[in-house]
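One letter stands for each residue in the lines below.
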Amino acid sequence: MSTADEGRPRSQTVTIGSVLKWARRYSVQLAIVAVALVVWLLFLIGSPRTFLAKDIYISFMTTTPYFALMAIPVTLVVITGEIDLSFPSVMAFGMAGFDIVYLATGSMWLGFITCLIFGLAAGYLNGVLVVKIGMPSLVATIGTQFLWRGVVLIITNGQGLDMTKIENTGLVNVLVGKIGGVIPMQFVWTIVVAAIIWFFLNRHRFGANIYLTGDNIESARLMGVAVGRTKTLTFMVTGLLAAFSGFVVSAAVLFFWPTLGEGYLLNTLASVFLGGTSVFGGTGTIFGTFVASFIIGAINAGIVAAGLTGFWTSAIYGFIIVVSVSIQTLLGKRLT
Amino acid sequence: MGNLLELRDVSKTFGEVAATHNVNFEVHQNEIVGLLGDNGAGKSTLVKLITGYHHPDPGGEIYWRGERIDRLTVPKARELGIEVVYQERALADKQSLWRNIFLGRELANRWGKLKIAEMRSETLKLMHSAMGFTSSAITPDSTVRNFSGGERQGVAITRALYFKAELVILDEPTMGLSLSETKKCLDFVDSIKRAGKSAIFIDHNIFHVYPVADRIVVLDRGTVAGQFMKNELTLEELIERLHHVAETGDLDMKKRSEK
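The rules we used
Residues numbered from 1 in each chain as written. Chains lettered and ligands numbered in written order. Predicted model: local features only at pLDDT ≥ 70, side-chain atom pairs only at ≥ 80, totals over all residues. Helix = DSSP H or I, 4+ residues; strand = E, 2+ residues; numbered from the N terminus. Rg over C-alpha atoms; globule rule 2.2 N^0.38 Å. Buried ≥ 20, exposed ≤ 12 C-beta atoms within 10 Å, placed from the backbone. Contact = placed C-beta atoms within 7 Å. Nonpolar A, V, L, I, M, F, W, Y, C, P; charged D, E, K, R; others polar. Pairing = 2+ DSSP bridges. Axes fitted to C-alpha atoms, helices over the stretch in contact; angles between N-to-C directions. pLDDT = per-residue confidence, 0-100. Domains from an automatic or database assignment. Left-handed = near helix turned anticlockwise from the far one by under 90°. Core = buried A, V, L, I, M, F, W, Y, C linked by C-beta atoms within 7 Å. Expected span 1.5 Å × (residues − 1).

The helix and strand tally for chain B stands at 9 helices and 10 strands. Relative to its length of 259 residues, chain B is compact, with a C-alpha radius of gyration of 19 Å against a globular reference of 18 Å. Projecting the C-alpha coordinates of chain B onto the three principal axes gives extents of approximately 65 × 40 × 35 Å. The proportion of buried residues among the 259 residues of chain B is 45%. At a minimum sequence separation of 6, the contacts of chain B that also span at least 24 residues come to 68%.

So, in structure tokens, the structure goes:
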């Protein structure tokens, strides 16, 4: 199984052997693309009218980024061998920072920057709990998930924030406007975020440290890798992008609800695991998570298009997580 | 011969347990030091102190080429030229061969951008010149998960060599190796000597240590029980002394005869 999307010198001639080598090397990525195609074909057969029209794809590009923006950094955390379950609350926590500053100063930009800083701080706290205190990340981030949700409710007194005054401002247009009236900007931002994180994971020393930390933490330590700093940074990137996603969602609907983020946990994690990132750490790709996010988005739309009730979504996401992780575990057993 | 490495009164305690106690230990330039001791003698702790993984308790001092190193860290030790071949080989199983060769010391530009093509081509060269990998099934992109014990050893040793180590520490390098792989490993220790470098060779198996070591240091219960030049003792005498150490914690046979 390949662990990273790494470039290599191109040979002059293409042989069957080199194609097979390439296919083996990118087996995870090819598998996820195959899954995407199968899911798409099934929906196309099941509901051709919906899936032959462009509206459904615009809809994917509008709503999938809300959780894809978090699934991408959560992939980094999972590759290090940890997990983050606090990001849905961090979406709201960041927006609570915006709420306070915007109401106090009237400055949207100051509020936006505060939102991102709150996200970074929440991620840093997760890093401290896991790295410095030594808490298992599962427990630490369940704790902070409840902590931040509670803090948000206390700060806002359970009241939402009307954001219609910032409608059509430069920031809102850049984040959630539409290119040519069609392509949603949040989709563009998801591609930008995926590209930046792909670069750091595959082409930068930070990414090398992420893979090594998750693969064999003791070896990484013995070889001088700063494993604690690496883990903390991945939590901070997740916190930052959760807050960013929180702002994007709120800007899209021009309202901030203190319950923002609820309902994003399952589809985000399903994207990470369906994308081939190992729950045991050490392997995973941004490409896999990116494609899987859109599969998950499509499944959501497909459930509605197929005439099923929304109650099915939770069961299906749960099923996807269980099946993805089971396949990884069985493959892992076969390889060792 | 000048001292390459020197430890003065180095202790390391974990809670109530003293893993090493007032250890004085040195490695000269172009010297192979055999480090012997039972389980729990403090060998692994000593290695981790030398490599900066553990920091000595206050009062202990570490010198490199005569200069005191205040706070030795793993990256600092590797920068100085101290490389270790760990008994568990310290490899990342799910990663490629080239990532393992450059583990923790990836070739990168000043901004941290990896030089992947360079690392891959260096690995390819090393596979033929140093690791002796002849199978076409192994490429720089192969994951090391399915490598044999000898192949893993080859990776760990090559890694140490590549970074032009001045001092190579081999922590039980022959553990789990076949006879031919063990011979390769011992030849490697010889090659370190021939290249003018130094090594600390730690092994349970005295028959492996004795032929390649210039000097033998015996650790027992966290302290240096004694040390001697190899030409002072035959292998049989050494075995007898090690039995004595196990009984008394001291290498000095005279004490036993006085008793």
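Here we take up the interface of chain A and chain B. Across the contact, 24 residues belong to chain A and 25 residues belong to chain B. Elements with a contribution of two residues or more to the side of chain A that touches chain B: helix 10 (205-215) and helix 11 (217-222) of chain A. Ranked by residue count, the leading element in the side of chain A that touches chain B is helix 10 of chain A, at 6 residues. Residues of the side of chain A that touches chain B, tallied by class, amount to 9 nonpolar, 8 polar and 7 charged.

The subject of this paragraph is the sheet that holds strand 5 (residues 67-69) of chain B. Residues and elements named next belong to chain B. Strand order in the open sheet formed by 4 strands is 2-1-4-5, with antiparallel pairing between adjacent strands. If you trace the sheet from one side to the other, it starts and ends with strand 2 (17-28) and strand 5, each paired once. On average, each strand axis in the sheet is inclined to that of its neighbour by 25°, with strand direction left out of account. The pairing of strand 1 (residues 3-14) with strand 2 spans 8 bridges and is classified as antiparallel. Counterpart to Lys12 in the pairing with strand 2 is Thr20.

What follows concerns the confidence of the model for chain B. Note that predicted coordinates carrying low pLDDT should not be read in detail. When pLDDT is averaged across chain B, the result is 86; 94% of the residues are at 70 or more. Low confidence marks residues 255-259 of chain B, where pLDDT is under 50. Its contacts with residues over four positions away, or in another chain, come to 4 contacts.

Residues and elements named next belong to chain B. For chain B, the assigned domains read domain 1 (1-82 + 174-205 + 220-224) and domain 2 (92-164). Its C-alpha centre places domain 1 at a distance of 24 Å from the equivalent point of domain 2. Across the contact, 8 residues belong to domain 1 and 7 residues belong to domain 2. Grouping the amino acids of the side of domain 1 that touches domain 2 by side-chain chemistry returns 3 nonpolar, 3 polar and 2 charged.

What follows concerns the packing of helix 5 (residues 87-105) of chain A against helix 6 (residues 108-133) of chain A. Residues and elements named next belong to chain A. The contact between helix 5 and helix 6 brings their axes to 7 Å, and the two run at 145°. For the crossing formed where helix 5 meets helix 6, the hand is right-handed. Residues Val90, Phe93, Gly94, Met95, Gly97, Phe98, Val101, Tyr102 and Thr105 of helix 5 pack against Met108, Leu110, Gly111, Phe112, Thr114, Cys115, Leu116, Ile117, Phe118, Gly119 and Ala122 of helix 6. Counted by class, the contact of helix 5 with helix 6 contains 14 nonpolar, 6 polar and no charged residues.

Below, the discussion takes up the sheet that holds strand 6 (residues 82-85) of chain B. All names here are of chain B. Taken together, 6 strands build an open sheet; the order of strands is 6-7-8-3-9-10 and the sheet is mixed. Both edges of this open sheet fall to strand 6 and strand 10 (223-229), since each of them pairs with a single strand only. Each strand axis lies, on average, 20° off the axis of its neighbour in the sheet, ignoring direction. Of the strand pairs in this sheet, strand 6 and strand 7 (residues 167-171) are connected by 4 bridges, and their pairing is parallel.

Another aspect to go through is the nonpolar core. Judged by nonpolar contacts, the single largest core of 161 residues is most densely connected at A:Met91, A:Val248 and B:Phe201. The biggest single contributor to this core is helix 12 (residues 227-253) of chain A, with 15 residues. Counting only domains with at least three residues in this core, you end up with domain 1 (1-82 + 174-205 + 220-224) and domain 2 (92-164) of chain B. Leaving out residues up to four positions away in the same chain, A:Met91 has contacts with A:Ala242, A:Ala243, A:Ser245, A:Gly246, A:Val249, A:Leu260, A:Gly261 and A:Tyr264.

Moving on, we come to helix 6 of chain A. Taking 1.5 Å as the rise per residue, helix 6 of chain A with 26 residues should run 38 Å; its terminal C-alpha atoms sit 36 Å apart, in good agreement. Of the residues flanking the end of helix 6 of chain A, it is A:Gly134, one or two places downstream, whose phi is positive at about 90°.

Let us look at the environment of A:Gln145. Residues and elements named next belong to chain A. With respect to the helices and strands, Gln145 occurs in helix 7 (residues 137-156). By the C-beta count within 10 Å, which is 21 here, Gln145 ends up buried. For the pair Gln145 and Phe87, spaced 58 residues apart in sequence, the C-alpha separation works out to 7.1 Å.

Of the residues in chain A, 95% reach a pLDDT of 70 or more, and the chain-wide mean stands at 90. Segment residues 1-5 of chain A: pLDDT under 50, and 19 contacts once partners within four positions in sequence are set aside and those in other chains are kept.

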